[in-house]
Amino acid sequence: MSSISGIESPPSNPPGTAAQLSVALPVLAVLLASAVFAAFVALYGQNPFTVFGLIVQGGFGSSFAWQDTLSRAAPLILVGLAVAIPAQAGLVIIGGEGALVLGGLAGAVVTLPFAGAHALPMQVIMLVAGALAGGLWFGLASLLRQYRGVNETISSLLLSYIGIAIFHHLTEGLLRDPASLDKPSTHPIDPSYMLPVLPGVGVHAGLAVSLALAIIAHVVLRYTRWGFALRVVGGSARVARMVGLAVNRWVIGATFVAGGMAGVAGAIEVAAVQGTANSSLIVGYGYSGILVAFLARHQPLAIVAVALLIGGMQASASLLQRRLELPDATMLVFQGLIFVCVLVADAIAQQLRENTRR
Amino acid sequence: MTLKPFDRRSFLQMLAAAGSAPFVLDIGAAHAETPLTVGILYSGSKQDYGFNQSHAQAAAALKKQPGIKVIEEERVPETIAAQRSMEGMIRQDGAQLILATSFGYFKPHVLEMAAKYPDVTFAHTGGVWTAGMPENIGTFYAYIFEAQYISGIVAGHMTKSKKLGLVAAKPTPNLLRSINAFAIGARSVDPAIQVQVIFTGDWVLPVREAEATNTLVDQGADVIAAQVDSPKVVIETAEKRGVMSCGYHSSQAEVAPNGYLTGAEWNWITPYLVYAGSVRGGKKPEHYLRAGISDHFVKNSPFGKLVTPEARAAADKARADLIGGTLVVYSGPLKDNKGNVVIPAGVMQSSNDRALDGINYLVEGIIGQV
Amino acid sequence: MDVTSIGWLTLPLAILGGAIRVSTPFIFVSIGELITEKSGRINLGLEGTLMLGAMAGYGVSYLSGSPWLGVLAAGLAGTAFGLVHGLLCSVKRVNDTAIGISLIVLGTGLAFFFGKPLIEPKAPALPSISLGFWSSVPQVRAASDVNALFFVGILLAFAVYVFLNRTGWGLMLRTVGDSEDAARALGFPVLRVRILATMAGGFLAGIGGSFLSLSYPGSWSEGLSSGQGIMAVALVIFARWRSINALGASLLFGGAGALGPALQGVGVTGYYYLFNAAPYILTLAIMVASTSRAAPFADAPGELKLHR
């Protein structure tokens, strides 16, 4: 009974009305959510058409808006993958925040002893250090699960809070740059090591890294033996053992990779944006990752799409605030409505597809 | 040091010309046809009964100025989102002045954007401009520690247990400077007074702030001060426990009608107008703008009903002396709470002494650790 | 040590006081979630319900002048959100975890949106019961000021225990949660039971939120919750789906949360970030010590599927 949506066969040419419906339903869902939201803003005294015009303009209406959307989406892709990969193996890990900040910390300090080196190897080292730190932190949760029977959902959440405490303790203590006055931070990395801005796109190279990792995850999970093995483990550990899979190794490996994704996200924040590790890393990306992964049904390419949607809405929220003086929470309400409607529509569409196949 | 010192006299003249608050500067009248667009970013909610609200109030006052259009964005995280919001304000709304009101916006966000948009003026709360940074950046802050010193004097007069409590977010220099000033003020009344500080570890943590307040009262503190982003919870909890309190950021007198003594408050409209004026006048922004009580950058809340005439008199005298320049809060001999001399006898570090920018100690008489 | 200070004695006192003051929202939310999960569904969205309840409770208390009316309003707001979750998840193939997370966003958004004008006003707070009359030490008296909702929470834990294990409805709830097929065979209305269980969970989570805004710390602000709603859901797993355990876990969590500030209070001034993480470290340590190689979900209701 424990089916992961990832295993279900892709929507391969469902015939006729069902196909149309499965496209139409999510669109209808967005329209429904928009209608409810329109009523909401109308009650607040705003013209809904103005509001929607700004939402489109702010998120997707120009190349500047797209840059905005892509910049905000980049970290969400990786934190989404951090939840989605263990989900293939049947694990729910919600502690991405801790892995992200520790990954950021590792990335921020690892190159400090090597000033003036070539940029590229240093950039690789930063990302790898971030991945290792995040991977180890997630790996701890799955080790505890496999060898002590500790539920990974709660242990990952607890470890996340503990990781953040360690992060604060180190960045505001032992590893603090005394010159960082009112924003306690680690020593800044060599400016030449910062990830470049992608030419022609106007967004930092972390976006490319995130997209590449999402595509790799997609290919590995869908088309390779590894992805299949992981889903078998996720389906039933007993069956997996019967067919000779080393369950512990698969589970721990998958969580390690997932933590690595969150760690890379943290390292990118440091290497592409902040230039140092400080409390600006703790902005809830890890928790957004849970949302992104579940909305995307744990499928890497869908994660990219959902991240773009959320990034775009955040960009629009920015414009809405400035133009209409609507509070920041307005967009949260709209997001909540859209997510709920899309989830239900998606479920109905899926049901229709199944019925057609039968 | 290639820093151009802040031209205090011209600034004072400007304020004098403007009269007392609300300041009406001659910045709009002549240019009313092309309003100056000012973009303001807040890290938290505009209504937080604290730090962000003190800025939002100044923004509201700024909006009333002729020829000024204000656009605002709240809850902007200190990530790439901050840069994108600033860029949006500039490119989508034509902002010519950006006011970035959170410490964390400075590095790297304001620095990056200022380099990218040299024609736009950026003014940042709390940052420290140094030579080599883009010329279109101004940094401003207010010597709120002067107001906190006066609160300390009031608290020092009012305490019976000779123990004061202070709930603070993090030991950053600007906070340490105020914590120390509070203690120096209180101990100027009676050197036996001790100030116990508890750091909660973050800017907004209501439950832990309430716990810290309870702990301080349990430890015998009978006046509680707060240096967190939204001090409402601390002041309310102190009131519930029947002890006195001193506020921060804005007046919390309403939530503690019995025990509220006074508080240290910002008055951000003054620096806002300075930067609006420099954009209007086509001048370079003041890179390092700092001022205190004497220049209306900060003030104290009106005294609460418990405050005795002696305490009022002492506080008023201290205010007059600070304004007159005869009183300097950080005057030697001053020891930290580990016994090291931090300011030798005979040395005075006046409010604008840059040595205080990086302050990293708690003074003698404070129980706590940086 | 002077007369008004009790020095190191504040430590146990603070932990006791903290357990009483800080734990109440955890008790309500975790027991609410427990009821929902016993029906075979998970509602991860109680963080949003908690915020909505905190705002609604504060608002109604402010407007009506009655904090108890506020608590009721918070409960009803939570029930409404529970109903939404329950109905949506009754559509086949809808993922309850995902709906829950979406409802966090929606609930928080609504709470922030409507809560803007409530940040400054002071709403009437819930009264507390003074149990420290026997002591002349003010600190003891303060620690013994206990909010009535705390006692309601304790009673609730036992009542839910009795309900689940000694009543026919409790049996029905557990059956629905353990095996849908068995429940259908017995003629139980599976969907109705689940929707009602989710509404009950929402009701209690809303009340938990109103405790934050109306008792401790006792005012509405957007930073009011530091993840209590999420943590309470996790505590259900820690409590192995037993209501008395959930009560214990909440008390432990609240008491450990008071440790950080209390240690600074008695002069242990360093390492406060780590001491402040005490609740998380302690919970993890207990889990590691108390579990064995048994499957992590050994005690979970059979129909409960956290992943998918």
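What counts, and where the lines are drawn
Residues numbered from 1 in each chain as written. Chains lettered and ligands numbered in written order. Predicted model: local features only at pLDDT ≥ 70, side-chain atom pairs only at ≥ 80, totals over all residues. Heavy atoms only, no water. Helix = DSSP H or I, 4+ residues; strand = E, 2+ residues; numbered from the N terminus. Rg over C-alpha atoms; globule rule 2.2 N^0.38 Å. Buried < 20%, exposed > 50% of the residue type's maximum accessible area, 1.4 Å probe, protein only. Contact = heavy atoms within 4.5 Å. Areas by Shrake-Rupley, 256 points an atom, 1.4 Å probe, with all protein chains shown as cover. Lys, Arg positive; Asp, Glu negative; His and termini not counted. Charge placed at Lys NZ, Arg CZ, Asp CG, Glu CD. Buried area = accessible area lost by both parts, 1.4 Å probe. Salt bridge = Lys/Arg side-chain N within 4 Å of Asp/Glu carboxyl O. Polar contact = N/O pair within 3.5 Å; in protein donor to acceptor, adjacent residues only side chain to side chain. Core = buried A, V, L, I, M, F, W, Y, C linked by side-chain atoms within 4.5 Å. Pairing = 2+ DSSP bridges. Right-handed = clockwise from strand over helix to strand, strands pointing away. Axes fitted to C-alpha atoms, helices over the stretch in contact; angles between N-to-C directions. Nonpolar A, V, L, I, M, F, W, Y, C, P; charged D, E, K, R; others polar. pLDDT = per-residue confidence, 0-100. Phe/Tyr/Trp six-rings, centres within 6.5 Å; stacked < 30°, edge-to-face > 60°. Lys NZ or Arg CZ within 6 Å of the ring centre and 35° of its normal.

A. The arrangement of the overall build of chain A in detail. Across its full length, chain A holds 13 helices and zero strands. Written out in order from the N terminus, the α and β elements of chain A read α-α-α-α-α-α-α-α-α-α-α-α-α. Over its C-alpha trace chain A gives a radius of gyration of 21 Å, about what one expects of a compact globule, namely 21 Å for 358 residues. Overall, the C-alpha framework of chain A stretches about 60 × 60 × 35 Å when taken along its three principal axes. Per-residue burial over chain A gives 61% buried out of 358 residues. Within chain A, counting contacts between residues at least 6 apart in sequence, those at least 24 apart form 77% of the total. Element-wise, carbon and sulfur atoms account for 70% of the exposed surface of chain A, whose accessible area totals about 13,100 Å². The average position of the 17 basic charges and that of the 13 acidic charges among the side chains of chain A differ by 16 Å.

B. The arrangement of the interface of chain C and chain B in detail. In this complex, chain C contributes 43 residues to the contact, which on the side of chain B involves 38 residues. Each partner contributes to the roughly 3,300 Å² buried at the junction of chain C and chain B, and carbon and sulfur atoms together form 49% of this total. Area buried by chain C at its contact with chain B is led by E120, P217 and P261 of chain C, which between them contribute 16% of it. Counting across the chain C and chain B interface gives four salt bridges. Linking R21 of chain C and E211 of chain B is a salt bridge whose minimum nitrogen-to-oxygen distance equals 2.9 Å. Where chain C packs against chain B, one counts 21 residue pairs in polar contact (both at pLDDT 80 or more). Elements with a minimum of two residues in the side of chain C that touches chain B: α1 (10-38), α5 (138-143), α11 (243-265) and α12 (272-276) of chain C.

C. Looking closely at the nonpolar core. Judged by nonpolar contacts, the single largest core of 203 residues is most densely connected at L81 of chain A together with W220 and M231 of chain C. Once you skip the residues sitting within four places of it in the chain, M231 of chain C turns out to touch L157, L158 and Y161 of chain A together with F26, F253 and Y280 of chain C.

D. A look at the pairing of strand β2 (residues 68-73) of chain B. All names here are of chain B. Burial runs high along β2: five of the six residues are buried. The sheet contact formed by strand β1 (residues 36-41) and β2 spans six bridges and is parallel. Each bridged residue has a counterpart across the sheet, and for L41 the counterpart in β2 is E73. This β-α-β element, β1 to helix α2 (residues 51-63) to β2, shows right-handed connectivity.

E. Molecular detail of the sheet that holds β1 of chain B. All names here are of chain B. Reading across the sheet, the six strands line up as β2-β1-β3-β4-β5-β11 and stay open at both edges, with parallel pairing between neighbours. The open sheet has two edge strands, β2 and β11 (288-291), and neither has a second partner. Strand after strand, the sheet turns through a mean of 20° between neighbouring axes, direction not considered. Relative to strand β5 (residues 137-142), strand β4 (residues 121-125) runs parallel, the two being bridged by four bridges. Looking across to β5, one finds that F122 is bridged to I137. Packing of helix α3 (residues 80-91) onto the sheet brings it into contact with β1, β2, β3 (97-100) and β4, and relative to β1 it is tilted by some 165°.

F. Spotlight on the interface of chain A and chain C. Counting residues at the interface gives 55 residues for chain A, matched by 49 residues for chain C. Summed over both partners, the interface of chain A with chain C comes to about 4,700 Å²; 76% of that surface belongs to carbon and sulfur atoms. Counting across the interface, chain A meets chain C through one salt bridge. Taken together, the connections running from chain A to chain C amount to three residue pairs in polar contact (both at pLDDT 80 or more). The set of elements that each furnish at least two residues to the side of chain A that touches chain C consists of α5 (119-148), α6 (152-171), α11 (285-295) and α13 (329-357) of chain A. Counting residues per element, the side of chain A that touches chain C draws most heavily on α13 of chain A, at 16 residues. Classifying every residue of the side of chain A that touches chain C gives 31 nonpolar, 17 polar and seven charged.

G. View of the confidence of the model for chain B. Chain-level statistics for chain B give a pLDDT mean of 90 and a share of 91% at 70 or above. Predicted confidence is poor over residues 1-31 of chain B, with pLDDT under 50, and the contacts of this stretch with residues over four places away or in other chains come to 41 contacts.

H. Focus on the packing of aromatic side chains. Here the structure, examined in full by the defined rule, presents 29 aromatic pairs over all chains. Here F140 of chain B and W268 of chain B contribute two aromatic rings whose centre-to-centre distance is 5.7 Å and whose plane-to-plane angle is 75°, an arrangement assigned as edge-to-face. Of this pair, F140 of chain B sits in strand β5 while W268 of chain B sits in the loop between β10 (260-266) and α9 (269-280), placing them 128 residues apart in sequence. Judged on exposure class, the residue F140 of chain B and its partner W268 of chain B are both buried. Pairing F113 of chain C with F114 of chain C gives two aromatic rings, centres 5.3 Å apart and planes at 75°, and the pair type is edge-to-face. In this structure F114 of chain C comes out as partly exposed when scored by relative accessible area, which is 43%. In this arrangement the basic side chain of R84 of chain B is found over the ring face of F64 of chain A, its NZ or CZ atom lying 4.8 Å from the centre. When the ring centre of Y288 of chain B is taken as origin, the NZ or CZ atom of R354 of chain B, which lies over that ring, is 3.6 Å away.

I. View of α11 of chain A. All names here are of chain A. Of all the 11 residues making up α11, nine are buried; the element is thus mostly covered by neighbouring parts of the structure. Restricting attention to buried positions, one finds in α11 the residues Y285, G286, G289, I290, L291, V292, A293, F294 and L295. Where α11 ends, the next residue or the one after it, R297, has phi of about 50°, a positive value.

J. Representation of the sheet that holds strand β9 (residues 244-249) of chain B. Residues and elements named next belong to chain B. Across the sheet, which stays open at both edges, the seven strands sit in the order β12-β10-β9-β8-β6-β7-β17 with mixed pairing between neighbours. The sheet is open, and its two edges are formed by β12 (298-300) and β17 (366-367), each paired on a single side. In the packing of helix α5 (residues 144-158) onto the sheet, the strands contacted are β6 (163-168), β8 (223-227), β9, β10 and β12, and the crossing angle to β10 comes to about 175°.

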